[in-house]
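Report on the structure
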Amino acid sequence: MSQNSATRTDELSPAQRALLERRLARANTAGSRGRTIPRRATGDAVPVSPVQHGMWVIDKLLGSNALYNMPLVAWLRGHLDLAALRATLDALVERHEILRTTYSEDAPAVQVIHPAGTAALEVVDLVASAPPLAQRRDEALRLAEAEVEQPFDLSTGPVFRCTLIRVALAEHLLVLNTHHIASDEWSLGVLVSEINALYASHVRRTDPVLPALPIQYADYAQWQAERGSGDRLAREV
């Protein structure tokens, strides 16, 4: 607060100062309430966000394409608990609605959120064919590249695919592929962090400790659409 503001406040009477404080408190409360994104009513059709709508339109214009694929490819060396990995990916899909969402074929574009189920995990075993290790590694990279270039179908899903390629008893190549309509660079970092935490818990057979999500992305999209409708209505009035 500037010195002049403080001086003017000091000149107020006790009643005036109390009135000012009440008005400031109401303004702060209203501002805080306006920034809170509520959970949507379940079962309602959910509009896409403006960013998602742009991707949906481009997907329709280009047809089958891998333009918005966001892959993560990692070599995993050491013992891998496949059951724990499956449980981890299933828990991730259950936790994040956006990973089990598809999108309407026709306009207007809406999100279709599906019940939690198993993650789309494909396991490829190159050990059984028993070629030299170097060849298996080359084949694993070829398969990973093919997955990375495989388009997503937004209307049928899934928008989150996982491929685990077994190269040796203690060597795997993991490919996580997500459509950009369901993730961005920041959220991929969150997913990796949660995968690590969930996998560690499932290996130890303990309950994972992850904070509850206050909202889902569909809640944000619904809130954003309602704000946009309110702004348009205000302009029209």
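Note: the structure precedes this text.
Described in the following lines is the structure provided in the data block. Sequence order sets the numbering: in each chain, residues are counted from 1 along the sequence as written. Selection of residues for local features in this predicted model requires a pLDDT of at least 70, selection of side-chain atom pairs for listing and counting requires 80 or more, and totals for whole chains, interfaces and linings are taken over all residues. Side-chain numbers come from the whole structure's heavy atoms, not from hydrogens or water.

1. Describing the nonpolar core
Take the buried Ala, Val, Leu, Ile, Met, Phe, Trp, Tyr and Cys residues and link them wherever side-chain atoms come within 4.5 Å; each set so joined is a nonpolar core. When accessible area is computed with a 1.4 Å probe and restricted to protein chains, residues below 20% of their type maximum are described as buried, those above 50% as exposed, and intermediate ones as partly exposed. Ranked by size, the top nonpolar core spans 29 residues in total, and within it Leu 89, Leu 92, Leu 99, Tyr 103, Phe 160 and Leu 176 carry the most contacts. Per the convention used, a helix needs a DSSP run of H or I reaching at least four residues, while a strand needs a run of E reaching at least two, with both numbered from the N terminus. Counting residues per element, the ones that place at least two in this core are helix H3 (50-62), helix H4 (82-95), strand S6 (160-168), strand S7 (171-179) and helix H6 (185-204). In what follows, a contact means two residues having at least one pair of non-hydrogen atoms within 4.5 Å. When sequence neighbours within four positions are dropped, the list of residues in contact with Tyr 103 reads Val 48, Gln 52, Trp 56, Ile 98, Val 110, Gln 111, Leu 154, Ser 155, Val 159 and Ile 181. Ranked by size, the runner-up nonpolar core spans 9 residues in total, among them Val 124, Ala 144, Val 148 and Ile 165.

2. Some remarks on the pattern of salt bridges
One speaks of a salt bridge when a side-chain nitrogen belonging to Lys or Arg is within 4 Å of a carboxyl oxygen belonging to Asp or Glu. What the rule picks out here adds up to 11 salt bridges. Put simply, Glu 194 and Arg 95 hold a salt bridge, and the shortest N to O gap is 3.2 Å. With Glu 194 in helix H6 and Arg 95 in helix H4, the pair connects residues that are 99 residues apart, well separated along the chain. In this structure Arg 95 comes out as buried when scored by relative accessible area, which is 18%. Across the salt bridge formed by Arg 137 and Glu 171, the nearest N and O atoms sit 2.8 Å from each other. Separated by 34 residues along the polypeptide, Arg 137 in helix H5 (residues 133-148) and Glu 171 in strand S7 bring together distant segments of the chain. What makes Arg 137 partly exposed here is its relative accessible area of 31%. Here Glu 171 falls in the buried class, since its relative accessible area comes to 7%. Via salt bridges that share partners, Arg 39, Arg 40, Glu 97 and Asp 219 belong to a single interconnected network.

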